[in-house]
Amino acid sequence: MAVLLRSVTWGLFPWRGCYSRAPQRGLSKGFVEALEAVVGRPHVSTAAAVREHHGHDESMYRCHPPDAVVWPQNVDQVSRLAALCYSEGVAIIPFGTGTGLEGGVCALQGGVCINLTHMDRIRELHPEDFSVVVEPGVTRKALNIHLRDCGLWFPVDPGADASLCGMAATSASGTNAVRYGTMRDNVINLEVVLPDGRLLHTAGQGRHFKKSAAGYNLTGLFVGSEGTLGLITSATLRLHPAPEATVAATCAFPSVQAAVDSTVQMLQTAVPVARIEFLDDVMMDACNRYSKLNCSVAPTLFLEFHGSEQALAEQLQRAEVITQDNGAFHFSCAKEAEECNQLWTARHNAWYAFLALAPGYKGYSTDVCVPISRLPEILVHAKEKLKASGLTGAIVGHVGDGNFHCLLLVNPDDAKELQRVKTFANELGRWEPWGRGGQKGWENLLRATLMASQNGPCTPWDVHRGTWHRNGQAAAATGGNRPCGFGDHEAAQGHTGPPRPHEPRQGAVRSSKDLACRRPDDTASSGNTGSIRPL
């Protein structure tokens, strides 16, 4: 396991320049011309600067540029691009806004980066059905601006102004998850281009209502698949009524334990909080400096409540009593829109505030999900381990749904410090009291090595690659040797050479027709058994 972990993570840290030392396979001139024939020459680039821009996100990992970048204008072009790459065994890397923190866009084996930002239409809006259909170039802020006159909004906000289809692909959460849920709760239907170019509607073509009792939950399969199963070319999202009134509050605590105990008690007593965010003392100091706040440098909760004026007064009173019982001080309210916006802008900019503590350093983010009942114990333990590690770090979290992040500052030129970061992340992810299924995972590739301990010996990667593992040997569960062509997770499996016959590249779909109970020519699909059709 240690050897595998080194092979996964060692080459990702950026202490020796921008580019990976692994050789890029490169694309032939004929293949690049075929890409240009699909999307037009102006929408294909092999320029080094463009490739570099698409070879990294906002994480600390070194740039792994693709061999080419293309900008399709519609779903037909995406389908033709996928079919072309599939036929040649070329890896595909979907790209949205590049705001991820896990290195998911790093093209470890080169290939074609498909930038979907030119597909930026809001296709349909159904106010009476509380749903909207968006293309991958639409961001959450753009959607909410479009919805302002409808009395509706889309509440999932991971902080960055991310692409909504990218948020679906990564199963994004955010500060409103405690009341409105994560992306998994707010995606109704997806249009997905499969590895061989065929089109799948996960809940049936044109369906935008929430409930269906028919067939597989294919939408749930693709939400969180992180580009491994296909390219999401549109998403049907659930909308919510805009709240009548909003009030925010902050309260500081003498300890991490007191702050998290207050969180659990508010949830247990059914205080209808819309947002409840935890920031430790280090993060509060960073936010005060970066966002010009004047808050106590102590473990702090940011709260927000939605409802009528009368309901808000009652909710505030109940929350204040609970926090004071746990020793809170400086409980303050912000009722004006400007004050509320300042507070939540500071929370959303916490990552940049943290990086500003040490200019020139890189940031590393872990991402942990735990049962609410274990949250106080685990968060206190994480804070103690962070102090003992000798690393500069802070903790923030969407504690209302049991999710928190340990953020670390790393000198990219200090190999020993980089090793301490990897050791800390690995130990935190494998800490036994999490229980099986406790950790969400770390960065995109290290996560693969932790999934075996979370899910048991037959992991999602085995299902994803169409194989069963018996006695440590991979045996093909299905026939065929055609590489699917999506992504770069062979590195996470300890194999960086050409795809072995029973191991397609990262496209979980051995044969895309296996995803639904319909033949490709059955376009009149009903229910959420999905509809697959060639373009």
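Once a new chain begins, its residue numbering starts again from 1 and follows that chain's sequence as written. Only residues with pLDDT of 70 or above have their local features reported here, since the model is predicted, and side-chain atom pairs are shown and tallied only from 80 upward, although totals for entire chains, interfaces and linings are computed over all residues. Just so you know, side-chain values use all the structure's heavy atoms and leave hydrogens and water out.

(A) Broad picture of the packing of aromatic side chains. Between rings of Phe, Tyr and Trp, where Trp is taken as its six-membered ring, a pair exists when centres lie within 6.5 Å; planes separated by under 30 degrees are stacked, by over 60 edge-to-face, and by other angles tilted. Counting across every chain of the model gives 3 aromatic pairs. Ring centres of Trp153 and Tyr180 lie 5.5 Å apart, and the angle between their planes is 85°; this geometry places the pair in the edge-to-face category. With a gap of 27 residues between them, Trp153 in strand 7 (residues 152-153) and Tyr180 in helix 7 (residues 177-180) connect regions that are remote in the sequence. By the burial criterion, Trp153 is buried, and Tyr180 matches it. Seen in terms of ring centroids, Phe302 and Trp344 are 6.0 Å apart; in terms of plane orientation they differ by 85°. Their pairing is edge-to-face. Residue Phe302 is found in strand 14 (residues 300-307), and its partner Trp344 is found in helix 13 (residues 337-348); the two are separated by 42 residues along the sequence. Both residues of the pair, Phe302 and Trp344, count as buried. One residue, Arg275, lies across the ring of Trp344, its end atom 4.5 Å from the ring centre. Helix and strand assignments follow DSSP, with helices taken as H or I runs no shorter than four residues and strands as E runs no shorter than two, numbered in order from the N terminus. For every residue, the accessible area (1.4 Å probe, protein chains only) is compared with the maximum for its type, and the residue is labelled buried under 20%, exposed over 50%, or partly exposed between those bounds. Cation placement over rings: the criterion is NZ of Lys or CZ of Arg within 6 Å of the ring centroid and within 35° of the ring normal.

(B) Broad picture of the sheet that holds strand 2 (residues 68-70). With mixed pairing, 4 strands are arranged side by side in an open sheet as 1-2-4-3. What marks the edges here is a single partner per strand, and that holds for strand 1 (44-45) and strand 3 (92-95). Two strands form a pair only when DSSP identifies at least two bridges running between them.

(C) Spotlight on the pairing of strand 13 (residues 273-279). Most of strand 13 sits inside the fold, with 7 of its 7 residues counted as buried. Judged from the 6 bridges that link them, strand 13 and strand 14 form a sheet pairing that is antiparallel. The residue bridging Val273 from the neighbouring strand is Phe305, located in strand 14. Pairing analysis gives 2 bridges linking strand 13 to strand 18 (residues 392-398), with the strands arranged antiparallel. Residue Leu279 lies in a different strand from strand 18, and its bridge partner there is Val396.

(D) Highlighting unusual backbone geometry. One non-glycine residue, Ala270, lies in positive phi territory at about 60°. As for its placement among the helices and strands, Ala270 is situated in the loop between helix 10 (256-268) and strand 13. Positive phi, normally seen in glycine, also occurs at Lys292, with a value near 60°. Its place among the elements puts Lys292 in the loop between helix 11 (281-291) and strand 14.

(E) Highlighting the confidence of the model for the protein. Every residue carries a pLDDT, the predictor's confidence in it, which falls somewhere between 0 and 100. When pLDDT is averaged along the protein, the result is 79, and 75% of the positions lie at 70 or above. Counted against residues more than four places away or in other chains, residues 434-445, with its pLDDT under 50, gives 47 contacts. Note on contacts: a residue pair qualifies if any of its non-hydrogen atoms lie within 4.5 Å across the two residues.

(F) Spotlight on the environment of His306. Looking at the element boundaries, His306 is found in strand 14. Sequence separation between His306 and Ala274 is 32 residues, and the spatial gap between their C-alpha atoms is 6.3 Å. Beyond its immediate chain neighbours, meaning those up to four positions away, His306 contacts Trp153, Asn176, Arg179, Tyr180, Pro243, Ala245, Thr246, Ala274, Leu312 and Gln315. Throughout this description, a polar contact denotes any pair of N or O atoms lying within 3.5 Å of each other; where both atoms belong to protein, one of them has to be capable of donating a hydrogen while the other can accept it, and for residues adjacent in sequence the pair is counted only when both atoms sit in side chains. In this structure the side chain of His306 is engaged in a polar contact, spanning 2.9 Å, whose partner is the side chain of Tyr180. Reaching out from His306, the side chain makes a polar contact with the side chain of Glu304 at a distance of 2.7 Å.

(G) Region of interest: the pairing of strand 18. Most of strand 18 sits out of view: 6 of its 7 residues are buried. Relative to strand 19 (residues 403-410), strand 18 runs antiparallel, the two sharing 7 bridges. Counterpart to Thr392 in the pairing with strand 19 is Leu409. Hairpin connection between strand 18 and strand 19: a loop of 4 residues separates the two successive antiparallel strands, and Gly402 in this loop has a positive phi of roughly 75°.

(H) View of the pattern of salt bridges. Each reported salt bridge corresponds to a side-chain nitrogen of Lys or Arg within 4 Å of a carboxyl oxygen of Asp or Glu. A complete count under the given rule lists 15 salt bridges for this structure. Salt-bridge contacts for Arg121 lead to Glu135; the nearest nitrogen and oxygen are separated by 2.8 Å. Here Arg121, found in the loop between strand 4 (112-115) and strand 5 (122-126), pairs with Glu135, found in the loop between strand 6 (131-134) and helix 5 (140-146); they are 14 residues apart in sequence, far enough to count as distant. Under the relative-accessibility criterion, Glu135 is labelled buried at 3%. Between Asp281 and Lys383 there is a salt bridge, with the nearest N and O atoms lying 3.2 Å from each other. Note that Asp281 is positioned in helix 11 and Lys383 in helix 15 (residues 375-389), a separation of 102 residues in sequence. A residue is classified by how much of its surface remains accessible, and Asp281, at 29% relative accessible area, is partly exposed.

(I) The arrangement of the nonpolar core in detail. Remark: nonpolar core denotes a set of buried residues (Ala, Val, Leu, Ile, Met, Phe, Trp, Tyr, Cys) joined through side-chain atoms within 4.5 Å. Formed by 48 residues in total, the largest nonpolar core has its most connected members in Leu301, Leu303, Phe305, Leu379 and Phe404. Counting residues per element, the ones that place at least two in this core are strand 12 (245-252), helix 10, strand 13, strand 14, helix 12 (309-325), helix 15, strand 19 and helix 16 (415-429). The element that contributes the greatest number of residues to this core is helix 15, accounting for 6 residues. Contact partners of Phe305, with chain neighbours within four places excluded, come to Ala245, Thr246, Val247, Val271, Pro272, Val273, Ala274, Leu312, Gln315, Leu316 and Ala319. Judged by nonpolar contacts, the second largest core, of 29 residues, contains Leu143, Cys165, Leu190 and Ile232.

(J) Seen up close, helix 10. To estimate how far a helix should reach, multiply one less than its number of residues by 1.5 Å. Taking 1.5 Å as the rise per residue, helix 10 with 13 residues should run 18 Å; its terminal C-alpha atoms sit 19 Å apart, in good agreement. Those residues of helix 10 not exposed but buried are Val256, Ala258, Ala259, Val260, Ser262, Thr263, Val264 and Met266. Looking at the buried side of helix 10, the elements it contacts are strand 13, strand 14, helix 12 and helix 15. Immediately downstream of helix 10, the backbone of Ala270 shows phi near 60°, a positive value.

(K) Broad picture of the side chain of His398. Residue placement: His398 occurs in strand 18. Given the relative accessible area of 8%, His398 is considered buried. Engagement of the side chain of His398 in a polar contact is seen with the side chain of Glu277, the distance being 2.9 Å.

(L) Geometry of the side chain of Asn176. Relative to the elements of secondary structure, Asn176 occurs in the loop between helix 6 (164-169) and helix 7. On the basis of relative accessible area, Asn176 is assigned to the buried category, the value being 2%. Separated by 3.4 Å, the side chains of Asn176 and Asp157 make a polar contact. Residues in contact with Asn176, not counting those within four places in the same chain, are Trp153, Pro155, Asp157, Gly181, Ala274, Arg275 and His306.

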